[in-house]
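# Remarks on the overall topology
Below, each chain spelled out in residue letters.
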Amino acid sequence: MMAEASKPDPRAQCALRAAEGERLLSIRRFADAFDVLDQALSEDRRNPRIIVLMGIACLYQNFHEDAEHFFRKAIDLDYDNTDARSGLAYVLMKSDRAAEAAEELCDILRVAPHHRFARKRFQELKSAPSIEAYAAGLHPSRFVALPAKKRFEFLSTLHIPPYIRKIAIGVIVLCVLLLIYIISSQNSYSGIFGGPGKEGAPDPNFPSGTVLDTDIGKSLARAMKAAENPPELFLSDPEVSSLLARAMDSLKFGNYNEARYILNRILASNADHISLSTARQLENFLKNPPPDKMDFNPDLTSIDQEGPLYRGVYVQWLTQVVRATNGNFLQVAPARYHGNEDDSIQVIVVDDNAHNYARGTMIEVFGDVLGVDKISDTQNVVYLAGKRLVRIQRNP
């Protein structure tokens, strides 16, 4: 008689389904992820990680009541689960329960004082002039992050000693340095023989002729100084590795604008020395994005909230001239013209030909972020270096 086939291990099946659910979440297939995670939960009904992932899947589909149910259930099983509490804080904010949301953020900071989402959201909540306006502009990604994409999933089954990883990273850094040396040698050769050498080129982040001995000029100087010294971000090792992989992918496919933002995040973080060195080397491969290929076009509110992290990142906005100052500073329409009702953010374009644009002129602004300056508790200014300003003709 044939031996009875062995039954599959339920715990192994549960782990596989949970991993598949994480993968589907990472590629934003939220409904599919929920179905797979629901099967995993049927095999392990007291697994807080699976329950949190189901809550995240609901959150990104705007099923707030279901998300709250799962997050509270995960907290019942694991009282100090910061992911569940962070997701619950978002649901509470979106359902006009700001006081309860603040309590959840405080509980997170009690357990994890350096929790980056909770710290930033708590400060924003305390300083928000209008809780309703603040809650209306929130997105789930500002409270709970989706799982990182796993490019080489088979590596997760391998145990790689730490010293092997360090050697591998060192080899990558050496290869990057060698490539940079080759490129820089070619650029030097071109400059000597009349090619496009960079020596003597104007500083793109500080247009010539800008008058600094004025209030607005001093504000620009403060914004640029703050952009050079951003507050430290607290990232885990997997987050740093994921960001480096994303930056390399963005450079590979010519998405330089997104790569600039990602590298800014790494360089402002608590990443290890090797990762920081790698990010600095990757900066040498950045180019200015062409106006017709803006793969990453950040909105004004994001820049206002994370000003230093957008230094050098390009934007392309359709806006309206408010007034010109000193022939160098062009104030354009505030945040409400970029899809937001918040009038507390001013936008100043630094351009040598600002006097050529009359009030009310519709323009398309293309340029990079110089920095953000806080004028008062209720007024911030975002500065852009205008690289291309195009008048838009109104229909009669």
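Scroll up a little and you will see the structure.
We now turn to the structure provided with this report. (Residues numbered from 1 in each chain as written. Predicted model: local features only at pLDDT ≥ 70, side-chain atom pairs only at ≥ 80, totals over all residues. Heavy atoms only, no water.)

## Quick notes on the overall build of the protein
The criterion, for reference: Helix numbering and strand numbering both begin at the N terminus, where a helix is a DSSP run of H or I of at least 4 residues and a strand a DSSP run of E of at least 2. Only protein chains enter the area calculation, which uses a 1.4 Å probe; residues under 20% of their type maximum are buried, those over 50% are exposed, and those in between are partly exposed. Whether two residues are in contact is decided by their heavy atoms: any pair within 4.5 Å suffices. Computed with a 1.4 Å probe, the accessible areas rest on the Shrake-Rupley method; for each residue, only the protein chains presented here act as cover.
On a plain count of helices and strands, the protein comes out with 14 helices and 5 strands. Relative to its 396 residues, the protein shows a buried fraction of 42%. Taking the contacts inside the protein whose residues are at least 6 apart along the sequence as the reference set, 61% of them involve residues at least 24 apart. Accessible surface, the protein as shown: approximately 22,200 Å² in total, 54% of it carbon and sulfur.

## Some thoughts on the pattern of salt bridges
Going by this rule: Salt bridges are defined by distance alone: a side-chain nitrogen of Lys or Arg within 4 Å of a carboxyl oxygen of Asp or Glu.
One pass over the full model with this rule turns up 19 salt bridges. Residue Arg110 is joined to Asp80 by a salt bridge in which the shortest nitrogen-to-oxygen separation is 3.6 Å. One end of the pair, Arg110, is in helix H6 (residues 98-111); the other, Asp80, is in the loop between helix H4 (64-77) and helix H5 (82-94), and 30 residues separate them in sequence. Here Arg85 makes a salt bridge to Asp107, at a shortest N to O gap of 3.5 Å. Placement of Arg85 in helix H5 and of Asp107 in helix H6 is noted, with a sequence separation of 22 residues between them. Residue Asp107 is classed as partly exposed on the basis of its relative accessible area, which comes to 21%.

## Notes on the nonpolar core
The line we're drawing: By convention a nonpolar core is built from buried Ala, Val, Leu, Ile, Met, Phe, Trp, Tyr and Cys residues, the set being connected through side-chain atoms within 4.5 Å.
By size, the foremost hydrophobic cluster in this structure holds 46 residues, and its most contacted members are Ile50, Leu59, Phe71, Met93 and Leu105. Taken together, the elements giving at least two residues each to this core come down to helix H1 (10-26), helix H2 (30-43), helix H3 (48-59), H4, H5, H6, helix H7 (116-127) and helix H8 (131-136). Looking at this core element by element, the count peaks at 9 residues for H3. Counting 42 residues, the second largest nonpolar core, distinct from the first, contains Ala259, Ala271, Val313 and Val349.

## Quick notes on unusual backbone geometry
For residues other than glycine, phi is negative in most cases, and the peptide bonds are mostly trans. If you check the backbone angles, Arg28 has positive phi at about 65 degrees while not being a glycine. With respect to the helices and strands, Arg28 occurs in the loop between H1 and H2.

## Thoughts on H3
Counted only if it meets this: Multiplying one less than the number of residues by 1.5 Å gives the expected span of a helix. Think of a polar contact as two N or O atoms within 3.5 Å of one another; within protein, one of them needs to be a possible hydrogen donor and the other a possible acceptor, and neighboring residues in sequence only count if both atoms come from side chains.
In this model, H3 (12 residues) spans 16 Å end to end at C-alpha, consistent with the 16 Å of a helix rising 1.5 Å per residue. With 10 of 12 residues buried, H3 is to be regarded as a mostly interior element. Of all the residues in H3, the buried ones are Ile50, Ile51, Val52, Leu53, Met54, Gly55, Ile56, Ala57, Cys58 and Leu59. Near the N-terminus of H3, the side chain that reaches the backbone nitrogen of Arg49, with its oxygen 3.0 Å away, is that of Asn47.

## Focus: H1
In a regular helix each residue adds 1.5 Å, so 17 residues correspond to 24 Å; H1 covers 24 Å between its end C-alpha atoms and thus fits that length. Along H1, the positions that sit buried rather than exposed are Cys14, Ala18, Gly21, Leu24, Leu25 and Ser26. Elements in contact with the buried residues of H1: H2 and H3. In the stretch just after H1, Arg28 is the one whose phi turns positive, near 65 degrees.

It is worth stressing that arrangement in space is one thing and function is another; only the former is reported here.
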